[in-house]
Amino acid sequence: MLMWHIDDEIMLKQADIKESDIIYGMLEKSRHHLGPWISWVDYTQSSSEMRQFIKTVNKKMKEQTDVVLFIWYRGQVAGSVALYDIKWHNQSGMLGYWVGSGFEGHGIAQRAVKGMLMYAYYTLMLNRVELRAAVQNEKSIKLARRLGFQAEGVVRQAEWIRGNCRDQVQMSLMKNEFH
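Rules used throughout
- Residues numbered from 1 in each chain as written.
- Predicted model: local features only at pLDDT ≥ 70, side-chain atom pairs only at ≥ 80, totals over all residues.
- Heavy atoms only, no water.
- Buried < 20%, exposed > 50% of the residue type's maximum accessible area, 1.4 Å probe, protein only.
- Helix = DSSP H or I, 4+ residues; strand = E, 2+ residues; numbered from the N terminus.
- Arc of directions from axis to C-beta.
- Contact = heavy atoms within 4.5 Å.
- Pairing = 2+ DSSP bridges.
- Polar contact = N/O pair within 3.5 Å; in protein donor to acceptor, adjacent residues only side chain to side chain.
- Axes fitted to C-alpha atoms, helices over the stretch in contact; angles between N-to-C directions.
- Core = buried A, V, L, I, M, F, W, Y, C linked by side-chain atoms within 4.5 Å.

(A) Helix H1 (residues 20-29), seen in detail. Turning to H1, its buried residues number three or more, namely Ser20, Ile23, Tyr24, Met26 and Leu27. In a view along the axis of H1, the buried residues occupy a sector of 160 degrees, so they form one face of it. For H1, the elements touching its buried residues are helix H2 (31-34), helix H3 (47-62), strand S3 (67-73), strand S4 (76-87) and strand S5 (92-99).

If you want it as C-alpha cells, here you go:
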C-alpha cells in the first residue's frame, strides 16, 4: 500500500476498499463544489460505485499506468491527487487533483501536488508532467502556475461536463523546471 506523509498535516495514501464509504461521503458533501469541474463526480452515485472505482485505480497502480492517491488532512480524507496515463517510453504522465468542499484555503492541494511531483520526478523518474484544466477553473490554473507549470495552449472542446463542452488549458512542467 503506497503511502507517505507530506508534512505534519497531510498524508498521501492509496485507497483501501474499506475506506470507500468515507471517501464517498466526502464526495457526496462536495458534489456542488466539484461537479462543475470534474465529469466523473456526477456518475459516482453510490458507495458501491466508489468501491469499484477504488478497485479499478488500484489495479491500474499495479499495472503501473496510474498512481491515484487520496489526500488525508488532519486525519480526514480531503481530496485526491493522481498521476495517470503514464507513458514510460516518453517519461511523462498527466496530473489531476481536487480537494473537497471545506478543504480549500489551507494549502492542501498545493502541498499534495508538490509531493506527487516529487514522486513523479525522483521516484518514477519522469521528465514531463502535464495537466489540463477548464479555462474557467481559475483556482486550478493559479495553483499550477505557482508550482511552475507553463501554459502550452488551449485544447478546444476537450471535455463534456454537465451538457457543456469546455475548452481546457494544456500546461506542463519539466523535471528541470521543478523547484
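(B) Looking closely at the pairing of strand S8 (residues 164-174). Counting buried positions along S8 yields eight of 11 residues, so the element is predominantly enclosed. Where strand S7 (residues 150-161) and S8 come together, eight bridges link them in antiparallel fashion. The partner of Gln150 across the bridge, within S8, is Ser172. Taken together, S7 and the strand that follows it, S8, pair antiparallel across an intervening segment of two residues, in which Arg162 is found at a positive phi of about 50 degrees.

(C) The side chain of Glu19, seen in detail. Summarising the element assignment, Glu19 is placed in the loop between strand S2 (10-13) and H1. Owing to a relative accessible area of 13%, Glu19 belongs among the buried residues under this scheme. Within the structure, Glu19 has its side chain in polar contact with the side chain of Lys13 (distance 2.7 Å). When neighbours within four sequence positions are excluded, Glu19 is seen to be in contact with Lys13, Gln14 and Trp72.

(D) View of the pairing of S4. Across seven bridges, S3 lies against S4 in antiparallel orientation. By the bridge assignment for S4, Val68 is matched with Ala82. As consecutive antiparallel partners, S3 and S4 are separated by two residues, and within that stretch Arg74 has a phi angle of approximately 50 degrees, a positive value. Pairing of S4 with S5 involves seven bridges; the strand directions are antiparallel. Across the sheet, the residue bridging to Gly79 is Val99, located in S5. Here S4 folds back onto S5, and the loop between the two strands holds four residues, one of which, Gln91, carries a positive phi near 50 degrees.

(E) Region of interest: the sheet that holds S2. Judged by pairing direction, the sheet is mixed, and its eight strands sit side by side in the order S1-S2-S3-S4-S5-S6-S8-S7 without closing on themselves. Pairing within the sheet leaves two strands with one partner each, and these edge strands are strand S1 (3-5) and S7. Strand-to-strand, the axes of this sheet are offset by a mean angle of 25 degrees, without reference to chain direction. As paired strands, strand S6 (residues 128-134) and S8 are joined by seven bridges and run antiparallel to one another. Its bridge partner lying in S8, Arg128 is registered against Met174. Set on the sheet, H1 makes contact with S3, S4 and S5; between it and S4 the angle comes to about 100 degrees.

(F) Spatial organisation of the nonpolar core. Formed by 53 residues in total, the largest nonpolar core has its most connected members in Val67, Ile71, Val81, Leu83, Leu95, Leu117 and Phe149. Of all the elements, helix H4 (residues 108-122) adds the most residues to this core, at nine residues. Residues in contact with Leu83, not counting those within four places in the same chain, are Thr65, Asp66, Val67, Gly93, Met94, Leu95, Met116, Ala120, Leu124, Leu126 and Val129.

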